[in-house]
Amino acid sequence: MSRQADERPELRNEFIRFSLSIADNAWTLDDLRAGVQWGNAANPAPWVEVRKTVDPSSEREPRYLDSITEENNALICTFVDASGNDGKLKLVFVLKDEALQVYLVPDEDLGYASVDLFRSGLDASQVDDGSALLPIRMGLLLPAEAEEPFDLSLGTYAYEGVHMAMAGLFKSGAVLLADWGDPYITLGATRTVAEAGSRIGISFSLSKTARSLELRCLGKGDLTTLAEAYKTRATELGYRVPWEEKVKGRPQSARLFGACNVKLWFALARRIDEDLVEKSVEVNWTFDEAASIAEHLKNDLKLQDVLFHLGGWTRYGYDCRHPDIRPANPECGGDEGLADCVRRVQALGYLFCLHDNYQDMYRDAPSYGEFWLQKEPDGSPHLGGVWLGGRAYYTCAREAVRLAKRPDNLPWVRDTFHPDLYFIDTTYAVGPQECYDPRHPLTRQDDIHWKAVLSDYARDVIGMFGSECGREWAVPHADFFEGLASVSGRYYHGLDQEKLGGSVVPFFDMIFHDCIAIHGKYGYRPEQMAEQVIHHISMGRTLYYHSLGHHLYWQDPEELPEVPPAAGPMDDALYTRAHNGWAEGFCLWDRFMKNTQEVLGPLNKLTSQALIDRYEFLNSERTIRKTTFTNGVTATVNGSDQDYMVTSAGGVRAVLPPYGFLIEAGTFVAFVARGWDDLSYESPALFTLTSLDGKTLDKTSRFRVFHGFGDSGLLWKGTKHTIVREAIIE
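Criteria and thresholds
- Residues numbered from 1 in each chain as written.
- Predicted model: local features only at pLDDT ≥ 70, side-chain atom pairs only at ≥ 80, totals over all residues.
- Heavy atoms only, no water.
- Buried < 20%, exposed > 50% of the residue type's maximum accessible area, 1.4 Å probe, protein only.
- Helix = DSSP H or I, 4+ residues; strand = E, 2+ residues; numbered from the N terminus.
- Phe/Tyr/Trp six-rings, centres within 6.5 Å; stacked < 30°, edge-to-face > 60°.
- Lys NZ or Arg CZ within 6 Å of the ring centre and 35° of its normal.
- Core = buried A, V, L, I, M, F, W, Y, C linked by side-chain atoms within 4.5 Å.
- Contact = heavy atoms within 4.5 Å.
- Axes fitted to C-alpha atoms, helices over the stretch in contact; angles between N-to-C directions.
- Parallel < 35°, antiparallel > 145°, perpendicular 65-115°, else oblique.
- Left-handed = near helix turned anticlockwise from the far one by under 90°.
- Nonpolar A, V, L, I, M, F, W, Y, C, P; charged D, E, K, R; others polar.
- Pairing = 2+ DSSP bridges.

## Some details on helix 9 (residues 530-539)
Okay, step 1: Within helix 9, nine of the ten residues are buried, which leaves the element mostly enclosed by the surrounding structure.
Okay, step 2: Restricting attention to buried positions, one finds in helix 9 the residues Ala530, Gln532, Val533, Ile534, His535, His536, Ile537, Ser538 and Met539.
Okay, step 3: Directly after helix 9, the chain includes glycine 540, whose backbone phi takes a positive value near 70 degrees.

## Considering the packing of aromatic side chains
Okay, step 1: One pass over the structure, following the stated rule, counts 39 aromatic pairs.
Okay, step 2: Relative to phenylalanine 257, the ring of tryptophan 243 has its centre 5.3 Å away and its plane inclined at 70 degrees; by these criteria the two rings are edge-to-face. With tryptophan 243 in helix 2 (residues 243-249) and phenylalanine 257 in the loop between helix 2 and strand 20 (260-264), this pair connects stretches of sequence that are 14 residues apart.
Okay, step 3: Between tyrosine 428 and phenylalanine 465, the ring centres sit 6.1 Å apart and the planes meet at 85 degrees, which makes this aromatic pair edge-to-face. Of this pair, tyrosine 428 sits in the loop between strand 28 (421-425) and helix 7 (444-462) while phenylalanine 465 sits in strand 29 (residues 464-469); the two residues are 37 residues apart in sequence, bridging distant segments of the chain.
Okay, step 4: Using a relative accessible area of 0% as the deciding quantity, one classes tyrosine 428 as buried.
Okay, step 5: Three or more aromatic residues link up through ring pairs in this structure, and these residues are Phe18, Trp27, Trp47, Phe79, Phe93, Phe118, Trp180 and Phe204.
Okay, step 6: In this structure, arginine 725 packs its charged tip against the face of tryptophan 582, placed 4.1 Å from the ring centre.

## Comments concerning the nonpolar core
Okay, step 1: Formed by 195 residues in total, the largest nonpolar core has its most connected members in Phe93, Phe204 and Trp313.
Okay, step 2: Ranked by the residues each element gives to this core, the list is headed by helix 7, at seven residues.
Okay, step 3: Those residues in contact with phenylalanine 93 that sit more than four places away from it in its chain are Leu11, Phe18, Leu20, Trp47, Asn73, Ala74, Leu75, Cys77, Leu100, Gln101, Val102 and Phe118.

## Here's the deal with the packing of helix 6 (residues 410-417) against helix 7
Okay, step 1: Running from amino to carboxyl end, helix 6 crosses helix 7 at an angle of 25 degrees, the nearest separation of the two axes being 9 Å. The orientation of helix 6 relative to helix 7 falls into the category roughly parallel. Helix-helix and strand crossings are classified by hand; for helix 6 and helix 7 the assignment is right-handed. Note on element contacts: helix 7 touches helix 6 through Tyr457, Ala458, Val461 and Ile462, opposite Leu410, Pro411, Val413 and Arg414.
Okay, step 2: A class-by-class count of the residues in the contact of helix 6 with helix 7 yields seven nonpolar, no polar and one charged.

## Focus: the sheet that holds strand 3 (residues 26-31)
Okay, step 1: Strand order in this open sheet of four strands is 1-2-3-4, and the pairing throughout is antiparallel. In the strand order of this sheet, the two ends are held by strand 1 (10-12) and strand 4 (36-39), each with one partner. When strand polarity is set aside, the average angle formed by the axes of neighbouring strands in this sheet is 15 degrees.
Okay, step 2: Taken together, the four bridges between strand 3 and strand 4 define a ladder with antiparallel strand orientation. Bridge pairing in strand 4 places aspartate 31 opposite valine 36.

Right, here's the structure in full:
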């Protein structure tokens, strides 16, 4: 049945109602459970726009509702331009339970490079307490109320685009989930600021194979509601493969629980310019020194759970002449030296990982050939970055699998060195690619497929596998991600969440915490890391230690002194402190690693097979946060510039200073506090308490206490103990 211009046809079920108006070019979507309406009826504006070229800077042209037909419980709509012409664009709207499903009907004569949907109406104002959840890395929560406008274009699975194919909106307590399944959809996110108030909204740009998406009205709720809904979808798509299932096939993967990530990036750094002229060669660590570092961590620092990661071991050094890796470079010790290094590290009970790369190919590689390369539409090779080895060129993802399978690549690594894990750089970091070479053409979907094949192959050959950053589609194919949690001691690589007025939230871990180990990436200074430490506590994730000094770093006298006390309340160097504590007299990196791993290792081990159930903001500035895991473990962190008092589950008062925290996990309690029970400390003190008989701490008769820094007094069950470094209390 066709509808007239003055009619408002609708679809309705028990959850939602969707209606359209030709006269107003308007749409509305009512969440009947929440009593909240989405849509542009109150402020009709173009909500469907098209681009006729692939240039993202090209002008969008609005399209307007022209006809609506009701057929088989669907609304079939055609759209025209402002002159009433064109008429090629057709959309179909269908209800499926709480979801509005939107279909773009294929038309070979469409002539559009992209179609943008919901350019108006899918938004919320500051009056509505509106906000948006964007799954960029771990997750970014952006309120409508802020001073900074923005207009973001976020590619599905792009480098710092969305890492899950979804987004969330919150309005007057109602929750809306948008999800899709095609990497040719780009998410738009905007904030507009005006005297009448600010608004935040999302939209979608569909190109090439993208033909559908859905908007799901979830009723009243919060982040947990959104996570529960998307967790169901992730399970249906096969992305959620919990550790419980993974360890059945790979029991060794349980050794990742509680393991921190120690990485020596550039054992050999050979610098080559774009003209293939070698500019310098530097040995940062020999293989013998690398093993000695691991032995120092175990024997001197007493770190128990470590993923020890080595880069720059290949024949020509880090990021040089890939994909030709054999033999291990002689400058650092050759094959024999690396094999001995692996044996020594594994003898400590540590996991050993080697770093490799099959995306980048270099012109001076012995096996370089244009056949392997990813091609642009004009047939030219796709340029990569300029790294230590000079200009890199992307290999086609399908051909990268063939390169990795060569006898002198992964099979040789396995048979010669026997590492526990393999890390293939950039595999997950770059967005889905296209290749136009007629011998091995790829769509973005094909690129994802072949990267999954490469991951599975490496995992099968070596045993465990990880790569850079991480994406939801990669969770079933990997054991760890490196770069999703943090980048160079910051939340993001290029994005500035503070400028956007946003708060980072561990939304990815509300879906996948029990499926994958996640670390950060790149170097940083420990004396600037206090905010990132409490961020990792709030996620239950261990830290990454990626910028240790060269050679035997702890012997450098410049690293010994403590950083001067902070002038204000925020002590960024808090976790490098060791006065009166365990690591007093150790170098800065050792103090930082010991303090943080004593907290984060046990926390991660206890929560690796749990999800984040609730993530709450305890102040209006969203700087004091509480995480509750599905197994009952809680972590409260204070990112404000004021002390914050919290009462533990056992009724103990804890005064958390800026960058302080309290973890409660039954058999494990940890805190940085300025006051604990009836004790007040002159400066923040770090303690952890661990039950040694499996009973909860309120019932145990034997437990270990670690003291990191600050006053050595600890009041526990009415008894005061003096703990200088650590003690067993019975």
